[in-house]
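Remarks on the overall topology
Residue-level listing of the chains:
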Amino acid sequence: MGKTFLKPNSLSDNHTHYCPGCKEAAHGRAPAMATGIKRVRPDLNVFTYQGDGDLASIGMSEIIHSANRGEKFTTIFVNNAVYGMTGGQMAPTTMPNQKTTTSPFGRDVKDVGMPIKMANLLAALQTPGYIERTTVLKPKYIVKAKKAIKKAFIYQMEKKCFSFVEVVSTCPTNWGMTPQDSIKWAEDTLLPYYELGVFKDTPKMEEKNAK
Amino acid sequence: MGKTFLKPNSLSDNHTHYCPGCKEAAHGRAPAMATGIKRVRPDLNVFTYQGDGDLASIGMSEIIHSANRGEKFTTIFVNNAVYGMTGGQMAPTTMPNQKTTTSPFGRDVKDVGMPIKMANLLAALQTPGYIERTTVLKPKYIVKAKKAIKKAFIYQMEKKCFSFVEVVSTCPTNWGMTPQDSIKWAEDTLLPYYELGVFKDTPKMEEKNAK
Amino acid sequence: MAKVLMKGNEAIGEAAIRAGCLNYFAYPITPQSEVAEYLAKRMPEVGGMFLQGESEVAVGYMLFGASACGERVFTTSSSPGISLMSEAISYIAAAQCPVVFVNIMRGGPGLGGILPSQADYSQSVKGGGHGDYKLLVMAPASVQEAVEMVTEAFVLAEKYRNPVMILGDGLIGQMMEPVEFPEKVAAKPSDKSEWATTGMDTRKSDKRNLVKTLFLDPEELNRHNLMLKEKYKKMEAEEVRYSTYNTDGDYKAVIASYGTMSRVCKTAIDMLKKEGIEVCMIRPQTLFPFPEVAIRKAVEKKSCKLAISIEMNMGQMVEDIQRSVSGIVPVKWYGKCGGEIPTPEETAEAVKKYLNNEE
Amino acid sequence: MAKVLMKGNEAIGEAAIRAGCLNYFAYPITPQSEVAEYLAKRMPEVGGMFLQGESEVAVGYMLFGASACGERVFTTSSSPGISLMSEAISYIAAAQCPVVFVNIMRGGPGLGGILPSQADYSQSVKGGGHGDYKLLVMAPASVQEAVEMVTEAFVLAEKYRNPVMILGDGLIGQMMEPVEFPEKVAAKPSDKSEWATTGMDTRKSDKRNLVKTLFLDPEELNRHNLMLKEKYKKMEAEEVRYSTYNTDGDYKAVIASYGTMSRVCKTAIDMLKKEGIEVCMIRPQTLFPFPEVAIRKAVEKKSCKLAISIEMNMGQMVEDIQRSVSGIVPVKWYGKCGGEIPTPEETAEAVKKYLNNEE
């Protein structure tokens, strides 16, 4: 389920009650809700935290249009190639031949197409300002992921642009693997397809050009 | 409003009753309806005929997912940079500073972003097979547009891939121009932004590679 | 203030601004697109905000987000567009956000037609989204009343922290009538500090507000629903609105009708009076809460033989009339739909036939 | 056929296949995802088709497209998912396409909870989408009955060319019970040549079929609505289904209850009987058409002092009971919602309190 909430300098220690105020949107609609917040209270810092089914399946329209309007909030997209909360169904990000509860014989790309690369897709729009794909599979990646997320929030606080940080992640439970195996599988299977990197960084480009 | 219908070798002369059977979907949902038809009757030839608001605004999710699954129908997208049937409101395809009934001071790209290039966006997906942008502004373009549409249907009949033909067009009524002025405006304003050409032709590529 | 001649859709937009609502999200759909077109020009003049959403589904959640911040916000749409907002409406009601919706109804079901209709009565009053929730539903019979109801809708929405639906038919949106805007409209916004997520800085508070609709603990969800139920009961006790027509004499039948249709009924009642046939009307101005007691009392008059629900639909209010009259008199229905508006003559004729037991 | 022990969700999927429905579109949502998971494996074995749609909005129109081709097709979802299909449901009803929907209801409104509920009664029976349309709504009280209703749903949907909604609560989907599948299930599909867009080649006909819901001419749209109304009247005359319990004696109250809740009521009635308190139950198996007459007749018994609607919601069927009893006896409500299921003891207690006039 997508969640949209307002972020202070640091989140509260209370895991279920973010501060200074939090809202939950329906499955897929967090970017629309974040748009609503930002349009009436541009001073508040807003981010959406969304999973595969939420962002790439049911919420496709909302994320594309929010990104394309250049709504000045931040989206963190956790891509683990499967629906998590509803119990491991096939997502648009599920890999070819990957088995899930609704693709028990493996994702058949002839039948349902190739996995959607959300960062690449959003980068095909003109407007969005900052798009990066990161991962948290190993400590060496985490530093970069942290930097990306920080940058996304700085751009928001500077009212610069829409920011999108995709985080390639694991889902041992729904993959039916040990945490260790799932890290290996993600590195071997997900990272070659979901290439890490910056897809767009308009504020940085503009800064360069201004120099 | 989107329309989904089944096309025989030639359409009926009766303008409101296509044959051998026709269906109308709600605003934006024609690709979902076409998916429903193709999945249960892959032998029928199906195409959707959609406008700006329909395809690029409310129907964004449906066209992306249908294209990405590689549904074997044909979409004709008439891009005239404005909502037509509801009376000239701003569309995702409306040009910067273009005045419409809901952007009376011109589209402000700082507020609502740049126009969406649908053909380019769909080409960023891995699956879709044939994507071309054409126009019917002048006879010299029409021949190409016809060829593109024909190719799209041939690919469908050969059960090869999803096909998408964008047709840049005019809307004199809602643009508040004479037909002649609107052709000039479209050539000067739309064509430089909505570049014509083939964005993807996987069957042709595969044929080449096979040789 | 002097009266001005205005199209209903534009007057609704202006009324919202004067009620202090400077935030508007909407998606184009006939026959209400003029609201967005009017406000696209007008909002910038008053420092307000208008955003055309990419779909009604998205607009529903934009409203939710904006309202959860404690800001006044509204939308306008028409029948299929409201269906697309059904999920969001359920969320907004569950989260107790005071969003104002305006539905300028068109002919249905499906794509239907673009002419006036009252066929979304059941959707607004009974069903719509999933779960136990109620909208406060108001039905204006003129452009003037639409303006007044929009004004009041924001006050009621905030009083109850509940979405309010203004249910107008296509005629209310499309016709031009002289209209006077209320002098003092911008009622003081209610105190939202207890619930709205306005940001810590703004509130200067340590309390962290949370707007949510998820209650995984069944006891908690049951309590939440009981609390909502109490709220709806309070509305039923305090917010029923209706007007009456020709109720003094010994009428033979009670007509129940709302919105534009009730104006036709008035003329029909006058026509019948000239023929010596007395008929009265109860016009619900709120459809929820429903004027059950008023209708029940009206049919209790000894001369009354009949209650007739007259609607621009296939008989959706009939069930509420049946509940209200509790078997005291038979309940009939007359109406047309999909843009067909019964004439006063047809309406009078239908009433006479029922009174003569011909149908 | 021998009985097998099956989870409700899986049994529903299997029943659809055995009813000759080999086309299934759905989107994941708890607590009905097992239907899709079961059919993802099972459909390929029987040459059937399953597609996971990108959203419930899209699934609604996939169903519409497939059904308009004359193919049997169904979906399963849960409360918020059905709200997202509201627009499509209105279109499908308007276009008279025989789609079967299954709603395994969860707690609402909004995101609510994932435990069993009956809070979408009004949405399914009264409102939901825009415009004048009705779904034929069936409420199973056991896994066995769910199987039977799914089987019959396709027959009824095709008989009336109307969408059918199976309204099950989360328990029906989640619990395991012994179930026997009907011997002869694949009823001969009805003749669709008059309306379905099956392709000219297939039909060998010159007639061009058109499936549409747009009627710009108001007279035509009115006629279309009158035709639909006649169809719903026919359902009311011919398709009302209900069962009764303990109606022989001189009962003091009539309980109306459906689905899982009715099983709790049965136990409560048995408990009350032991205490010498006679109470009967009318269990609607179809919610539309509603067993008005049966309920009215039940409360006409001299000994009867009361009707009580017992539901896993905040009292949505109450209004239909009120209409049915027409003031003959008072109508009360008891229930809980959001996953809280009243126990037989609580239910019996609530009935006793009402009978003792304590509440």
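Residues numbered from 1 in each chain as written. Chains lettered and ligands numbered in written order. Predicted model: local features only at pLDDT ≥ 70, side-chain atom pairs only at ≥ 80, totals over all residues. Heavy atoms only, no water.

**A closer look at the overall build of chain C**
Here is the rule we go by: Helix and strand definitions here come from DSSP, where helices need a minimum of 4 consecutive H or I residues and strands a minimum of 2 consecutive E residues; each element is numbered from the N-terminal end. Restricting the calculation to C-alpha atoms gives the radius of gyration, and the globule rule supplies 2.2 Å times the number of residues raised to the power 0.38. Partly exposed residues are those whose accessible area sits between 20% and 50% of the maximum for their type, while under 20% is buried and over 50% is exposed, using a 1.4 Å probe and protein chains only.
Secondary structure summary: chain C contains 14 helices and 15 strands in total. Its C-alpha atoms give chain C a radius of gyration of 21 Å, near enough to 21 Å, the size a compact globule of 359 residues would have. Structurally, chain C occupies a C-alpha span of about 70 × 50 × 40 Å along its principal axes. By residue count, 68% of the 359 residues in chain C fall in the buried class.

**Brief notes about the relation of the copies chain D and chain C**
Threshold: Superposing the copies works by least squares over the C-alpha atoms of residues that have pLDDT at least 70 in both of them. What makes two residues a contact is simply this: any of their non-hydrogen atoms within 4.5 Å.
Mapping chain D onto chain C leaves a residual RMSD of 0.0 Å; the transformation is a rotation of 180 degrees accompanied by 0.0 Å of translation along its axis. The transformation just described matches what one would write down for a two-fold rotation axis. A shared binding surface is used by both copies, with 100% of the interface residues of chain D retained as interface residues in chain C.

**Some words on the pairing of strand S15 (residues 331-335) of chain D**
Residue and element names in this part refer to chain D. Applicable threshold: Strands were regarded as paired on the criterion that DSSP finds at least two bridges between them. We call a crossover right-handed when, viewed with both strands directed away from the observer, the connection leading from the first strand over the helix to the second proceeds clockwise.
Among the 5 residues in S15, 4 count as buried, and that is most of the element. Bridge count for strand S14 (residues 306-311) against S15 is 5 bridges, and the pairing is parallel. Paired with glutamate 311 across the two strands is glycine 335, which belongs to S15. In this view, the connection linking S14 to its parallel neighbour S15 by way of helix H13 (residues 318-325) has right-handed handedness.

**Looking at the sheet that holds strand S12 (residues 279-284) of chain D**
Residues and elements named next belong to chain D. Basically, it comes down to this: The convention used is that axes are lines fitted to C-alpha atoms, helices contributing only their stretch in contact, and that angles between N-to-C directions extend from 0 to 180 degrees.
Strand order in this open sheet of 5 strands is S10-S12-S11-S14-S15, and the pairing throughout is mixed. Single-partner strands in this sheet number two, and they are strand S10 (242-245) and S15. Across this sheet, the average inter-strand angle for adjacent strands is 20 degrees, counted without regard to direction. In this structure, strand S11 (residues 253-256) lies alongside S12, joined through 4 bridges in parallel fashion. Along S12, the bridge assignment pairs isoleucine 255 with methionine 281.

**Points about helix H6 (residues 139-157) of chain B**
Residue and element names in this part refer to chain B. Stated precisely, the cut-off is as follows: The length a helix should cover is 1.5 Å for every residue beyond the first. This arc corresponds to the set of directions leading from the helix axis out to the C-beta atoms.
The terminal C-alpha atoms of H6 lie 27 Å apart, and with 19 residues this matches the ideal 27 Å at 1.5 Å per residue to within 8%. Looking only at H6, the buried set comprises Tyr141, Ala145, Ala148, Ala152, Phe153, Tyr155 and Gln156. Buried positions in H6, seen along its axis, are confined to an arc of 160 degrees and lie on one side of it. More than 90 degrees from the buried face of H6, the exposed residues found are Pro139, Lys140, Val143, Lys146, Lys147 and Lys150. In the stretch just after H6, lysine 159 is the one whose phi turns positive, near 55 degrees.

**Quick look at the pattern of salt bridges**
Residue and element names in this part refer to chain A. Note the threshold: When a carboxyl oxygen of Asp or Glu is within 4 Å of a side-chain nitrogen of Lys or Arg, the pair counts as a salt bridge.
Scanning the model with the defined rule gives 75 salt bridges over all chains in all. For the salt bridge of arginine 29 with glutamate 62, the shortest nitrogen-to-oxygen distance reads 3.1 Å. Note that arginine 29 is positioned in the loop between strand S2 (21-24) and helix H1 (30-40) and glutamate 62 in helix H3 (residues 60-69), a separation of 33 residues in sequence. Given a relative accessible area of 3%, arginine 29 falls into the buried group. Judged by relative accessible area, glutamate 62 falls into the buried class, the value being 2%.

**Examining the relation of the copies chain B and chain A**
When chain B is fitted onto chain A, the two copies agree to an RMSD of 0.0 Å after a turn of 180 degrees and an axial shift of 0.0 Å. Both copies present the same face, since 100% of the interface residues in chain B are matched by interface residues at the equivalent positions in chain A.

**Comments concerning the interface of chain D and chain C**
Bring the parts together and some accessible area is lost; that lost area is often taken as the interface size. Spelled out, the test is: When two parts are brought into contact, each loses some accessible area as probed by a 1.4 Å sphere; the total of that loss over both is the buried area. Nitrogen and oxygen atoms within 3.5 Å of one another constitute a polar contact, given that in protein one can donate a hydrogen and the other can accept it, and given that sequence-neighbouring residues count only through two side-chain atoms. Polar here means any residue other than Ala, Val, Leu, Ile, Met, Phe, Trp, Tyr, Cys and Pro, which are nonpolar, and Asp, Glu, Lys and Arg, which are charged; Gly is therefore polar.
Contact residues are listed per partner, giving 59 residues for chain D and 59 residues for chain C. Approximately 4800 Å² of surface area, both sides summed, lies buried where chain D meets chain C, with 59% of it carried by carbon and sulfur atoms. Where chain D packs against chain C, one counts 4 salt bridges. For lysine 126 of chain C, the salt bridge goes to glutamate 319 of chain D, with nearest N and O atoms at 2.6 Å. Along the contact surface separating chain D from chain C lie 32 residue pairs in polar contact (both at pLDDT 80 or more). Contributing elements (two or more residues each) for the side of chain D that touches chain C: helix H4 (79-84), helix H5 (86-94), helix H6 (121-125), helix H10 (218-238) and H13 of chain D. The dominant element in the side of chain D that touches chain C, judged by the number of residues it contributes, is H10 of chain D, at 8 residues. Partitioning the side of chain D that touches chain C into residue classes produces 21 nonpolar, 27 polar and 11 charged.

**A look at the packing of helix H13 (residues 318-325) of chain C against H13 of chain D**
Applied cut-off: For classification purposes, an angle smaller than 35 degrees is called roughly parallel, one larger than 145 roughly antiparallel, one from 65 to 115 roughly perpendicular, and anything else oblique. Crossing handedness: left-handed means the near helix sits turned counterclockwise from the far one by under a right angle, and right-handed means the same turn made clockwise.
Closest axis-to-axis distance for the H13 of chain C/H13 of chain D pair is 8 Å, and the angle between their directions is 60 degrees. Regarding the angle of H13 of chain C to H13 of chain D, the classification is oblique. Along this stretch, H13 of chain C crosses H13 of chain D, giving a crossing that reads as left-handed. Across the interface between the two elements, Glu319, Asp320, Gln322 and Arg323 of chain C of H13 of chain C pack against Glu319, Asp320, Gln322 and Arg323 of chain D of H13 of chain D. The residue inventory of the contact of H13 of chain C with H13 of chain D, partitioned by class, reads no nonpolar, 2 polar and 6 charged.

**Overview of the side chain of threonine 151 of chain D**
Relative to the assigned elements, threonine 151 of chain D resides in helix H7 (residues 143-160). In this structure the side chain of threonine 151 of chain D is engaged in a polar contact, spanning 2.7 Å, whose partner is the backbone oxygen of valine 147 of chain D.

**Focus on the packing of H3 of chain A against helix H3 (residues 60-69) of chain B**
Two elements in contact, H3 of chain A and H3 of chain B, have axes whose closest approach is 8 Å; the angle formed by their N-to-C orientations is 110 degrees. Classed by the angle they form, the pair H3 of chain A and H3 of chain B counts as roughly perpendicular. In this structure, H3 of chain A meets H3 of chain B at a crossing whose hand is right-handed. Residues Met60, Ser61, Ile64 and His65 of chain A of H3 of chain A form the contact with H3 of chain B, whose participating residues are Met60, Ser61, Ile64 and His65 of chain B. Among the residues forming the contact of H3 of chain A with H3 of chain B, the class breakdown is 4 nonpolar, 4 polar and no charged.

**Re the sheet that holds strand S12 (residues 279-284) of chain C**
Residues and elements named next belong to chain C. The strand order across the open sheet built from 5 strands is S10-S12-S11-S14-S15, with neighbouring strands paired in mixed fashion. Two strands bound the open sheet, and with one partner strand each, they are strand S10 (242-245) and strand S15 (331-335). Ignoring strand direction, the axes of neighbouring strands in this sheet form an average angle of 20 degrees. Pairing analysis gives 4 bridges linking S10 to S12, with the strands arranged antiparallel. Bridge pairing in S12 links serine 243 to arginine 283. Each of S10, strand S11 (253-256), S12 and strand S14 (306-311) touches helix H11 (residues 259-274); the most contacted strand, S12, lies at about 165 degrees to it.

**Some remarks on the confidence of the model for chain A**
To keep it simple, the criterion reads: The predictor reports its confidence for every residue as pLDDT, a score running from 0 up to 100.
Predicted confidence across chain A gives a mean pLDDT of 90, with 90% of residues reaching 70 or more. Contacts of residues 1-20 of chain A to residues separated by more than four positions or lying in other chains number 66 contacts, the stretch itself having pLDDT below 50.

**What to know about the interface of chain B and chain A**
Counting residues at the interface gives 27 residues for chain B and 27 residues for chain A. Between chain B and chain A, a total of about 1900 Å² is buried, with carbon and sulfur atoms accounting for 56% of that surface. Among the residues chain B hides against chain A, the three largest losses belong to His65, Leu121 and Gln126 of chain B. Together they make up 23% of the total. On inspection of chain B and its partner chain A, the count reaches 2 salt bridges. Taking the shortest distance from any N to any O, the salt bridge between arginine 39 of chain A and aspartate 111 of chain B comes out at 2.7 Å. Joining chain B to chain A, the criterion identifies 10 residue pairs in polar contact (both at pLDDT 80 or more). Looking at the side of chain B that touches chain A, the elements that each hand over two or more residues are helix H2 (52-58), H3, helix H4 (109-112) and helix H5 (118-123) of chain B. At 6 residues, the largest contribution of residues to the side of chain B that touches chain A is made by H3 of chain B.

**Digging into the domain arrangement of chain C**
All names here are of chain C. This is how it is decided: Where each domain starts and ends follows an automatic or database-derived domain assignment.
Under the domain assignment used here, chain C contains domain 1 (4-194 + 225-238) and domain 2 (242-355). Here the C-alpha centroids of domain 1 and domain 2 sit 27 Å apart. Taken together, the 31 residues of domain 1 in the interface contact 24 residues of domain 2. Where domain 1 abuts domain 2, roughly 2200 Å² becomes buried across the two surfaces, and 55% of that area is made up of carbon and sulfur atoms. Here domain 1 and domain 2 share 3 salt bridges between them. The closest approach of N and O atoms between arginine 283 and glutamate 145, which form a salt bridge, is 2.8 Å. Elements that contribute at least two residues to the side of domain 1 that touches domain 2 include exactly helix H6 (121-125), strand S6 (136-138), helix H7 (143-160), strand S7 (164-169), helix H8 (170-174) and helix H10 (218-238). Among the residues making up the side of domain 1 that touches domain 2, the classes are represented as 19 nonpolar, 5 polar and 7 charged.

**Considering the pairing of strand S5 (residues 130-135) of chain B**
Residues and elements named next belong to chain B. Among the 6 residues that make up S5, 6 are buried, leaving the element largely enclosed by the rest of the structure. Here S5 shows no split at all, with Tyr130, Glu132 and Thr134 on one side and Ile131, Arg133 and Thr135 on the other all buried. Direction of pairing for S5 relative to strand S6 (residues 163-168): parallel, over a ladder of 6 bridges. From the neighbouring strand, arginine 133 faces S6, where its bridge partner is glutamate 166. Read as a crossover between parallel neighbours, the route from S5 over H6 to S6 is right-handed. One ladder, built from 4 bridges, connects S5 with strand S7 (residues 197-201); its direction is antiparallel. Bridging across to S7, tyrosine 130 finds its partner in aspartate 201.

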